Amino acid sequence: DVKVTQSSRYLVKRTGEKVFLECVQDMDHENMFWYRQDPGLGLRLIYFSYDVKMKEKGDIPEGYSVSREKKERFSLILESASTNQTSMYLCASTPGGGGAGETQYFGPGTRLLVL
Amino acid sequence: AQSVTQPDIHITVSEGASLELRCNYSYGATPYLFWYVQSPGQGLQLLLKYFSGDTLVQGIKGFEAEFKRSQSSFNLRKPSVHWSDAAEYFCAVGTASGGSYIPTFGRGTSLIVHP
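Reference entry: report on the structure contained in this document. (Residues numbered from 1 in each chain as written. Chains lettered and ligands numbered in written order. Predicted model: local features only at pLDDT ≥ 70, side-chain atom pairs only at ≥ 80, totals over all residues. Heavy atoms only, no water.)

1. A few points about the sheet that holds strand 7 (residues 64-70) of chain A
Residue and element names in this part refer to chain A.
At step 1: The antiparallel open sheet is built from four strands, whose spatial order is 1-3-8-7. Both outer strands of the open sheet, strand 1 (4-6) and strand 7, are each paired with one neighbouring strand and no more. Mean inter-strand twist for the sheet, computed between neighbouring axes without regard to direction, equals 20°.
At step 2: The pairing of strand 7 with strand 8 (residues 73-78) spans five bridges and is classified as antiparallel. Within strand 8, the position partnered with Ser67 by the bridge is Ser75. (Pairing = 2+ DSSP bridges. Helix = DSSP H or I, 4+ residues; strand = E, 2+ residues; numbered from the N terminus. Axes fitted to C-alpha atoms, helices over the stretch in contact; angles between N-to-C directions.)

2. Regarding the pairing of strand 4 (residues 31-38) of chain A
Residues and elements named next belong to chain A.
At step 1: Summarising burial for strand 4: eight of the eight residues are buried, a large majority.
At step 2: The side-chain alternation of strand 4 yields two buried faces, one formed by Asn31, Phe33, Tyr35 and Gln37 and the other by Met32, Trp34, Arg36 and Asp38.
At step 3: As paired strands, strand 4 and strand 5 (residues 42-49) are joined by seven bridges and run antiparallel to one another. Opposite Asp38, over in strand 5, you have Gly42 as the bridge partner.
At step 4: What sits between strand 4 and strand 5 in their antiparallel hairpin is a turn of three residues, with Gly40 showing a positive phi close to 80°. (Buried < 20%, exposed > 50% of the residue type's maximum accessible area, 1.4 Å probe, protein only.)

3. Concerning the packing of aromatic side chains
At step 1: Evaluation of the coordinates by the stated rule reveals 14 aromatic pairs over all chains.
At step 2: Site record: aromatic cluster; members linked through ring pairs are Phe33, Tyr35, Phe48 and Phe106 of chain A together with Phe34, Tyr36 and Phe105 of chain B. (Phe/Tyr/Trp six-rings, centres within 6.5 Å; stacked < 30°, edge-to-face > 60°.)

4. Quick look at the nonpolar core
At step 1: Counting residues in hydrophobic clusters, the biggest one holds 26 residues, and the most contacted among them are Trp35, Leu48, Leu76 and Tyr89 of chain B.
At step 2: Taken together, the elements giving at least two residues each to this core come down to strand 2 (10-14), strand 3 (19-21), strand 5 (32-38), strand 6 (44-50), strand 8 (64-68), strand 9 (73-78), strand 10 (87-97) and strand 12 (109-114) of chain B.
At step 3: The biggest single contributor to this core is strand 10 of chain B, with four residues.
At step 4: Once you skip the residues sitting within four places of it in the chain, Leu76 of chain B turns out to touch Leu19, Glu20, Leu21, Trp35, Leu47, Leu48, Phe63, Glu64, Ala65 and Tyr89 of chain B.
At step 5: Residues Leu78, Ala81, Cys91 and Leu112 of chain A belong to the second largest nonpolar core, which totals 20 residues. (Core = buried A, V, L, I, M, F, W, Y, C linked by side-chain atoms within 4.5 Å. Contact = heavy atoms within 4.5 Å.)

Below you can see the structure in the form of C-alpha cells.
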C-alpha cells in the first residue's frame, strides 16, 4: 500500500514563526500536493510538484512556499505564520503518467494552530 | 474551468437507512469523477472513480455511484448505512489543464449517522 506520512499530527506555533510541514511518500510517486482544508471551504490547493525541484502554484499560494529536494519528500513552509493560516494541512501524492484519472493518496493531515 | 457542487453541507440518516449524496459537476467533456471519504482526524481515501464504461460504479465499503451525463451528476449511494460511515465525503473532478492534472474538489458533505 502507498503510504504518505506527515511529520506532525498537531502543531502549535506563534505568529511570525517560520513553520515547516514535512510530507514523505514511499511509493516513488512523481507528483505531490499540498492542500489546506477549512470547514465549509473543502480542499484548496496551495502548491504542487511534478518533479524534483519543480513546483507550481495552486489556488492559494500566498504566504506559503515549498521545497522538493528529493522525490519522496515535499515540504510546505510558512515563512511568517499568521493566525489566518490556522488550518488542517493535507499532503497528497499521485504516481504520475496516468493523467487526470490518477487517484490521490493522502497523508493523515497536520492540524496547525497559530497563536 | 471545471467546478464541483455538493449541495448538501450536512446529511443525517439513521443506521440501516439508505443514503444518497449529491454531486454535480461543470465541465465541457466527460471528466474523471471521484468520491473520497475522510474519517474523523484522517486524510482522504478513495471510495470509487469513473471515466468511461458502465455508468454505475462500485466502490469500497459497499458504496456505489451513478454517472448521469444529462444531469451532470455523479451521486454516491449506499443501500444500508452503518455507524462507521459517519465521515466527510468529497466529490472531485479530474481534468487536464495546461498539461497539469489537478483535481477540483467539492466542499464536502458531512454525514451524521443516528443509532
